[in-house]
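# Observations on chain architecture
In case you want the letters, here they are:
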Amino acid sequence: MAFPGLQHVALTVSDLERSTRWYAALFGAEPVLDEDEEGGRFHHTVFALDGGMLFGLHTHQGRESGEPFSEERTGLDHVGFAVGSHAELEQWAQKLTELGIAHEGVKKAHYGSGVSFRDPDNIALEFFTGPE
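If you look the protein chain up in an unreviewed UniProt entry, it shows as Catechol 2,3-dioxygenase-like lactoylglutathione lyase family enzyme from Pseudonocardia alni.

What follows is the structure, given as structure tokens:
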């Protein structure tokens with residue numbers, strides 16, 4: 001039996017309205033879902049990305065720690081978005097610049113190339129493509 005691929009990622013954010021605007025600009029799309037979870041434990045706003053992937057933003061009714069994200073804490077290190085080529089990676093770097101999102105440009109390694117950036121809660125994100 002093959003191990004299944006990722007279907008969704010959900011991030012806890014400190015300010016849902018701010019993060020929703022930021023991710024809507026990044027994705028070039030509005031959320032497809034914005035509601036309280038049935039049990040009332042959290043609220044989620046969800047974006048539908050290409051390939052059937054869902055990307056969610058969560059708040060936990062004021063129970064969030066309020067601390068900025070750090071990849072040095074146990075848990076998530078970063079979220080990587082797959083791009084198809086180095087040329088596409090360059091286009092995403094340009095788009096980040098146009099959106100006013102700080103990044104350090106394309107970084108190359110033997111295993112591939114990426115553009116790293118952070119969301120309003122300092123969550124580490126990356127566009128990545130394999131070696132060409």
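Looking now at the pattern of salt bridges. With the rule as written, the count across this model stands at four salt bridges. Across the pair arginine 73 and glutamate 67 runs a salt bridge whose closest N-O atoms are separated by 3.3 Å. On the accessibility criterion, arginine 73 (39% relative accessible area) is partly exposed. Linking arginine 118 and glutamate 71 is a salt bridge whose minimum nitrogen-to-oxygen distance equals 2.8 Å. With a gap of 47 residues between them, arginine 118 in strand β7 (residues 112–118) and glutamate 71 in the loop between β4 (54–59) and β5 (79–82) connect regions that are remote in the sequence.

The next point concerns the nonpolar core. Ranked by size, the top nonpolar core spans 28 residues in total, and within it Tyr23, Leu26 and Phe55 carry the most contacts. The element that contributes the greatest number of residues to this core is helix α1 (residues 16–27), accounting for six residues. There are two domains that each give this core at least three residues, and those are domain 1 (1–62) and domain 2 (78–131). Apart from residues lying up to four places away in sequence, leucine 26 is in contact with Trp92, Lys95, Leu96, Leu99, Ile101, Phe117 and Phe127.

A one-sided burial pattern is seen for β5, the buried positions being Val79 and Phe81 and the unburied ones Gly80 and Ala82. Pairing geometry for β5 and strand β8 (residues 124–129), over four bridges, is parallel. When the bridges of β8 are listed, phenylalanine 81 appears paired with phenylalanine 127.

Conventions we followed
- Residues numbered from 1 in each chain as written.
- Predicted model: local features only at pLDDT ≥ 70, side-chain atom pairs only at ≥ 80, totals over all residues.
- Heavy atoms only, no water.
- Salt bridge = Lys/Arg side-chain N within 4 Å of Asp/Glu carboxyl O.
- Buried < 20%, exposed > 50% of the residue type's maximum accessible area, 1.4 Å probe, protein only.
- Helix = DSSP H or I, 4+ residues; strand = E, 2+ residues; numbered from the N terminus.
- Core = buried A, V, L, I, M, F, W, Y, C linked by side-chain atoms within 4.5 Å.
- Domains from an automatic or database assignment.
- Contact = heavy atoms within 4.5 Å.
- Pairing = 2+ DSSP bridges.

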